[in-house]
Each structure stands twice: as C-alpha cells, then as structure tokens.
Amino acid sequence: SHDASPYVPEHADLAGLSRAAAGCRGCPLYADATQTVFGEGEPSARVVLVGETPGDQEDRQGRPFVGPAGRLLDRALEEAGIARDDAYVTNAVKHFKFTVSGGGKRRLHKTPSAREMAACRPWLLAELQVIDPEVIVVLGATAGKALLGPDFRVTRQRGRLLPCPPPETLGTRRAARAVEEGDPATAPARIVATVHPSAVLRSDDREAMYAGMVEDLRVAAQALG
Ligand code: URA
Ligand code: SF4
C-alpha cells in the first residue's frame, strides 16, 4: 500500500483509531520502529498540537512527547495558559524515523520525507475529524508542511492565527494558497505555527527561543472561545 488510508477505520473514536494504527503498514517506517506512537489526549480537547515524528523515548514508551522535548512542551503550555486537558498531542508521522550511530548505541532522529508525511496524513486527518479542535498548533516546519503544504515556513508564518484550509486540501499547495490569501472558504478551526520544542533544546539561545514559543502559544490560548 502507498499510504495509511486502508488501515484507517471509518467512524472510529480515538481509541479505535489508536488500536488500528498499531497495525499500520502504510509506509516502510513501521519496520524499524518499536511501535506506533499515536496521539494522546481527550476527544474534547480544544487544541491539537502536531509534532514531527516520535523520538527515541516516545518510540520505547509508545506515547508522544514523553522525552525531553515533551517536558519542554508541557512547561511552555502551562506558561501560555493552555490546560493539559485542553491539549491533544500528536505527530505528523506516527513511527520513529532514525539512523543508528555510535556503533549501534544511539538512535538519531531523522526528518520524515514528504512521501512519509503524505502516507501518514490519513491518521492525522482522522484525529482532527474526531476532535474537531478550535485551534491546531503546528510545531516546526515538518508539521507545518504536513498540514499547510510544501511552501510553509515557520519564520514567515509563526505566532499568528492562520485560517485552516478544508481537510481535503490539507498538506497541499492549494492549502498553502488558501492560508496566504486568508481564503474565507476555510474551516472554522485555525492554525498557529511555532518552533519545534527540539529546536529550542538544540538552540544556542535557548531562553529567547523558548520565550518566543510561549508567546506563539499564547496566541493559540487567546483564540480559545
Ligand atoms: N518530537 C516530536 O516531534 N514528537 C514527539 O513525540 C517527540 C519529539
Ligand atoms: Fe503507518 Fe504512519 Fe507508521 Fe507509516 S509512519 S507505517 S503511515 S503509522
């Protein structure tokens, strides 16, 4: 198969989607990863946060954002005034993509390809359809591209409310155009882009980058009705 769609059950709730995703073979990434890392949170969540791909810890534990990046994200959410119960966290790609280094001891995260993001997108769209959030927060360029298309740039689009394109166009150039033009025919949910928490951890100016992330998340918090 070329993508996840044959594995996505219709009319499933989040638990049903998560169970089905455990058996996904929609792209080659399942082969080397330990397990599928599905999204986590309440179906009533008003904010969905989208990361890139699980990290080493997430792959081992089977839960998103439980490693260092997740701890930073939790802290930033709290500071921005987004309640944990209001936040559903997930990734654009549900299996850990990595290379092995240090004589097989270390597994280093790799950025998923556009093809892998497209293959995994049916899971993300199914999560968004069930939750129907008020705001979607994209964490970094990969998540941004997965939802807003290949022309997405964090630096240009972060920290403001972007219209959310209709689901059938998400991840396409048409979606990118709809956002650029503020297309009125977009869905009611809105998107806020910010940096990826792992980029904050790697930064030479961690404090400034972290403060910028909190500021962006405050834009999302203020948009909640
Ligand atoms: N980075 C991500 O993008 N997602 C995770 O779940 C963990 C780290
Ligand atoms: Fe399926 Fe996504 Fe995993 Fe690929 S990365 S096997 S599409 S769940």
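Residues numbered from 1 in each chain as written. Chains lettered and ligands numbered in written order. Predicted model: local features only at pLDDT ≥ 70, side-chain atom pairs only at ≥ 80, totals over all residues. Heavy atoms only, no water.

(A) Layout of the site of ligand 1. In the region of ligand 1, the neighbouring residues are G51, E52, T53, P54, G55, E58, P64, F65, N91 and H196. Backbone polar atom of E52 to an oxygen atom of ligand 1: 2.8 Å apart, as the coordinates give it. With respect to ligand 1, the backbone of T53 contributes an N or O atom lying 3.2 Å from a nitrogen atom. Taken by itself ligand 1 offers 240 Å² of open surface, and the protein chains cover 95% of this. Structurally, ligand 1 is housed in the largest pocket. Split into classes, the residues belonging to the shell around ligand 1 amount to three nonpolar, five polar and two charged. (Near = heavy atom within 4 Å. Polar contact = N/O pair within 3.5 Å; in protein donor to acceptor, adjacent residues only side chain to side chain. Areas by Shrake-Rupley, 256 points an atom, 1.4 Å probe, with all protein chains shown as cover. 1 Å grid on protein atoms, 1.4 Å probe; cavity = no way out; pocket = protein on both sides within 12 Å on 5 of 7 lines; lining within 4 Å. Sits in = over half its atoms within 2 Å of the grid points. Nonpolar A, V, L, I, M, F, W, Y, C, P; charged D, E, K, R; others polar.)

(B) Quick peek at the pairing of strand β1 (residues 47–51). Within β1, five of the five residues are buried, which leaves it mostly tucked inside the rest of the structure. The alternating pattern of β1 places V47, L49 and G51 and V48 and V50 on opposite faces, both of which are buried. Bridge count for β1 against strand β2 (residues 87–91) is five bridges, and the pairing is parallel. Counted as the bridge partner of V50 is T90 from β2. Bridge count between β1 and strand β5 (residues 135–139): four bridges; the pairing is parallel. (Buried < 20%, exposed > 50% of the residue type's maximum accessible area, 1.4 Å probe, protein only. Helix = DSSP H or I, 4+ residues; strand = E, 2+ residues; numbered from the N terminus. Pairing = 2+ DSSP bridges.)

(C) Examining the site of ligand 2 more closely. Inspection of the region around ligand 2 gives A4, C24, G26, C27, Y30, V93, K94, H95, A119, C120 and W123 as its neighbouring residues. When each cavity is represented as a set of grid points, ligand 2 is found to reside in the largest cavity. Here the shell around ligand 2 is built from residues that sort into eight nonpolar, two polar and one charged.

(D) Representation of the nonpolar core. Grouped together as the largest cluster of nonpolar side chains are 64 residues, with contacts concentrated most on L49, W123, L147, M213 and L217. Sorting elements by how many residues they give to this core places helix α4 (residues 114–131) first, with eight residues. (Core = buried A, V, L, I, M, F, W, Y, C linked by side-chain atoms within 4.5 Å.)

(E) Main features of unusual backbone geometry. Phi angles above zero are rare outside glycine, and F65 is one such case at about 50°. For F65, the position within the fold is in the loop between α2 (56–61) and α3 (68–80). Judged by relative accessible area, which is 9%, F65 ranks as buried. The phi torsion at D132 lies on the positive side, around 50°, for a residue other than glycine. Secondary-structure assignment places D132 in the loop between α4 and β5. With relative accessibility at 58%, the residue D132 sits in the exposed group.

(F) Seen up close, the layout of surface pockets. A volume near 590 Å³ is recorded for the largest pocket. Together, 25 residues line the largest pocket, and A69, H109, H196, S198 and R202 are the ones closest to its centre. For the lining of the largest pocket, the secondary-structure elements that each account for two or more residues are α2, α3, β4 (106–109), α5 (140–148) and α8 (197–202). For the lining of the largest pocket, the element with the highest residue contribution is α8, accounting for four residues. Of the residues in the lining of the largest pocket, the class split is nine nonpolar, eleven polar and five charged. Estimates place the volume of the second largest pocket at around 280 Å³. Taken together, 13 residues make up the lining of the second largest pocket; nearest its centre are L128, Q129, D132, P167 and A187. Of all the secondary structure elements, the ones that give two or more residues to the lining of the second largest pocket are α4 and β7 (187–194). Of the residues in the lining of the second largest pocket, the class split is eleven nonpolar, one polar and one charged. (Points joined across faces, edges and corners; volume = space filled by probe spheres on them.)

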